[in-house]
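Listed below, chain by chain, are the residues.
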2 protein chains.
Amino acid sequence: MRLAPGAIDRILDSWPVARLATLGPDGAPHQVPIVFARVAGRLYSPIDGKPKRGTALARLANVQRDSRVSVLLDHWEADWARLWWLRLDGRARVVAPDEIDAGPIERALRAKYPQYRTLPLFADPPTLLEIEVGRTVSWSAS
Amino acid sequence: MRLAPGAIDRILDSWPVARLATLGPDGAPHQVPIVFARVAGRLYSPIDGKPKRGTALARLANVQRDSRVSVLLDHWEADWARLWWLRLDGRARVVAPDEIDAGPIERALRAKYPQYRTLPLFADPPTLLEIEVGRTVSWSAS
């Protein structure tokens, strides 16, 4: 079964976490959990103030080398009749908020994640991943 | 911060879900949630009786073409001080249970997932993904 279009919209507007897969320097897959907001059909994930492993983030270097990404959202629970997943295949680029009209994106991220009341929305320098979705694939157990 | 080795072992032995990234025919990343059990240092994920999208699973064709995979385990909650993730980079191969000594694997999967009391552990033909872990990378917020 696939997810209904309405369900996909609701998930993309409210689901708090996704997993981003990019391609490493040798073309091998690389994954990391991300937060994101959907604005005007694109997904935006900030490089935020959470502590990170290292300063030069692999996800940024990967996307700058090869823009192809996969974004996976899924629901896990012990009742497997309620499982679903949603995969977006697309292209990502690294943008600075001041390169684009980032006001709506920042507002969407702050509205979705109250954690940004105390945690900086951006690390230094302010950086966003912008993901253009090319293909949406979904699965639902029931 | 990294996860302590003891914490990594506990997670790999008990965490119920992971996300598997493989490489598609064009080398783009592909992701899907998986169940798995760790046996003798390797991860085993069955192609089980849950309904699937199509019969020729992309994850199997992908791994047979390019064995490089990434396996991501992570914890999400609203309290971001408690977030962590664990990423395993490795190689996967497709095996039939009767090619290997699959008894311990089947027992580990059935012990970890009571869902297999009612759902078939294997679809037809019985198939497992066997993942050899090359590198373990972890992150913990605190």
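Reference entry: report on the structure contained in this document.

Criteria and cut-off values
Per-chain numbering applies: the sequence of each chain, read as written, is numbered from 1 onward. Key to labels: chains lettered from A, ligands numbered from 1, both in the order written. Two thresholds apply to this predicted model, a pLDDT of at least 70 for residue-level local features and 80 or more for giving and counting side-chain atom pairs, whereas whole-chain, interface and lining totals are computed over all residues. Strands are runs of DSSP state E lasting at least two residues, helices are runs of H or I lasting at least four, and both sets are numbered from the N terminus onward. Values of the radius of gyration come from C-alpha atoms, whereas the globule rule sets the reference at 2.2 Å times the count of residues to the power 0.38. Throughout, a pair of residues is in contact if the C-beta atoms placed from their backbones lie within 7 Å. Among buried residues, those of type Ala, Val, Leu, Ile, Met, Phe, Trp, Tyr and Cys that are joined through C-beta atoms within 7 Å form a set called a nonpolar core. Residue burial here comes from a neighbour count, namely the number of other C-beta atoms, placed from the backbone, that lie within 10 Å of the residue's own C-beta, with 20 or more meaning buried, 12 or fewer meaning exposed, and in between meaning partly exposed. To line up the copies, we fit them by least squares on C-alpha atoms, keeping just the residues with pLDDT of at least 70 in both. The arc refers to the directions leading from the helix axis to the C-beta atoms. The criterion for strand pairing is that DSSP finds at least two bridges linking the strands in question. An axis is simply a line fitted to the C-alpha atoms; with a helix, the fit covers only the stretch in contact. Between two such axes, the angle follows the N-to-C directions and lies from 0 to 180 degrees. Ten residue types, Ala, Val, Leu, Ile, Met, Phe, Trp, Tyr, Cys and Pro, are classed as nonpolar, four, Asp, Glu, Lys and Arg, as charged, and the remainder, Gly among them, as polar.

### Digging into the overall build of chain A
From N to C terminus, chain A includes three helices and seven strands. Traced from its N-terminal end to its C-terminal end, chain A shows the element sequence α-β-β-β-β-α-β-β-α-β. Radius of gyration (C-alpha) of chain A: 15 Å, near the 14 Å computed for a compact globule of 142 residues. Once the C-alpha set of chain A is aligned to its principal axes, its extents read approximately 45 × 40 × 25 Å. Looking at chain A alone, contacts between residues at least 24 apart form 71% of all its contacts between residues at least 6 apart.

### Structural notes on the nonpolar core
Counting 50 residues, the largest nonpolar core has Val69(A), Val71(A), Trp85(A), Val69(B), Val71(B) and Trp85(B) as the members making the most contacts within it. Residues within four places of Val71(B) in sequence aside, it is in contact with Ala18(B), Leu20(B), Leu43(B), Leu88(B), Gly90(B) and Ile131(B).

### Some details on the environment of Asp89(B)
The residue Asp89(B) is located in strand β6 (residues 84-95) in this model. Owing to 19 C-beta atoms within 10 Å, Asp89(B) belongs among the partly exposed residues under this scheme. Separated by 52 residues in the primary sequence, Asp89(B) and Ala37(B) place their C-alpha atoms 16 Å from one another. In this structure Asp89(B) touches Ala28(A), Ser70(B), Gly134(B) and Arg135(B), once residues within four positions along its chain are discounted.

### Quick look at the relation of the copies chain B and chain A
The two copies are related by a screw operation: chain B maps onto chain A through 180 degrees of rotation and 0.0 Å of translation along the axis, at an RMSD of 0.0 Å. Both chain copies can therefore be described as sitting about a two-fold axis. Distance from the rotation axis, computed per C-alpha, reaches its smallest value in chain B at Pro29(B): 3.0 Å.

### Considering helix α2 (residues 58-65) of chain B
All names here are of chain B. All buried positions along α2 are accounted for by Arg59, Asn62 and Val63. For α2, the buried positions fall inside an angular range of 95 degrees around the axis, keeping them on one side. Exposed side of α2, more than 90 degrees from the buried face: Gln64 and Arg65 are the residues found there. The inward-facing, buried residues of α2 contact β1 (18-23), β2 (29-34), β5 (68-75), β6 and β7 (128-140).

### Thoughts on the sheet that holds strand β4 (residues 42-46) of chain B
Residue and element names in this part refer to chain B. Taking strand neighbours across the sheet as the criterion, the seven strands line up as β2-β1-β5-β6-β7-β4-β3 in an open arrangement whose pairing is antiparallel. Looking at strand neighbours, the two that pair on one side only are β2 and β3 (37-39), the edges of this open sheet. Strand-to-strand twist across the sheet, computed as the mean angle between neighbouring axes with direction ignored, equals 35 degrees. Looking at chain direction, β6 and β7 are connected through 12 bridges and run antiparallel. Bridged to Trp84 within β7 is Ser140.

### Quick word on the environment of Lys52(B)
Residues and elements named next belong to chain B. Tracing the chain through its elements places Lys52 in the loop between β4 and α2. By the C-beta count within 10 Å, which is 15 here, Lys52 ends up partly exposed. Separated by 71 residues in sequence, Lys52 and Ala123 have C-alpha atoms that sit 9.8 Å apart.

### Topic: the sheet that holds strand β7 (residues 128-140) of chain A
Residues and elements named next belong to chain A. Ordered by their spatial adjacency, seven strands build an open sheet running β2-β1-β5-β6-β7-β4-β3, and the pairing between neighbours is antiparallel. Unpaired on one side and paired on the other, β2 (29-34) and β3 (37-39) mark the two borders of the sheet. Each adjacent strand pair in this sheet contributes to an overall mean axis angle of 35 degrees, direction not counted. Sheet topology note: the strand β5 (residues 68-75)/strand β6 (residues 84-95) ladder contains eight bridges and is antiparallel. What sits directly across from Val69, in β6, is Gly90.

### A closer look at the interface of chain B and chain A
Counting from both sides, the interface comprises 31 residues of chain B and, opposite them, 31 residues of chain A. Listed by contribution, the elements that provide at least two residues to the side of chain B that touches chain A are β1, β2, β5 and β6 of chain B. When its residues are assigned to classes, the side of chain B that touches chain A shows 18 nonpolar, six polar and seven charged.

### As for the pairing of strand β4 (residues 42-46) of chain A
Residues and elements named next belong to chain A. Of all five residues in β4, four are buried; the element is thus mostly enclosed. Summarising the sheet, β3 and β4 pair through three bridges and their orientation is antiparallel. The residue of β4 that forms the bridge with Arg38 is Leu43. Counting the residues that bridge the hairpin from β3 to β4 gives two residues, and of these Ala40 lies at a positive phi of roughly 50 degrees.

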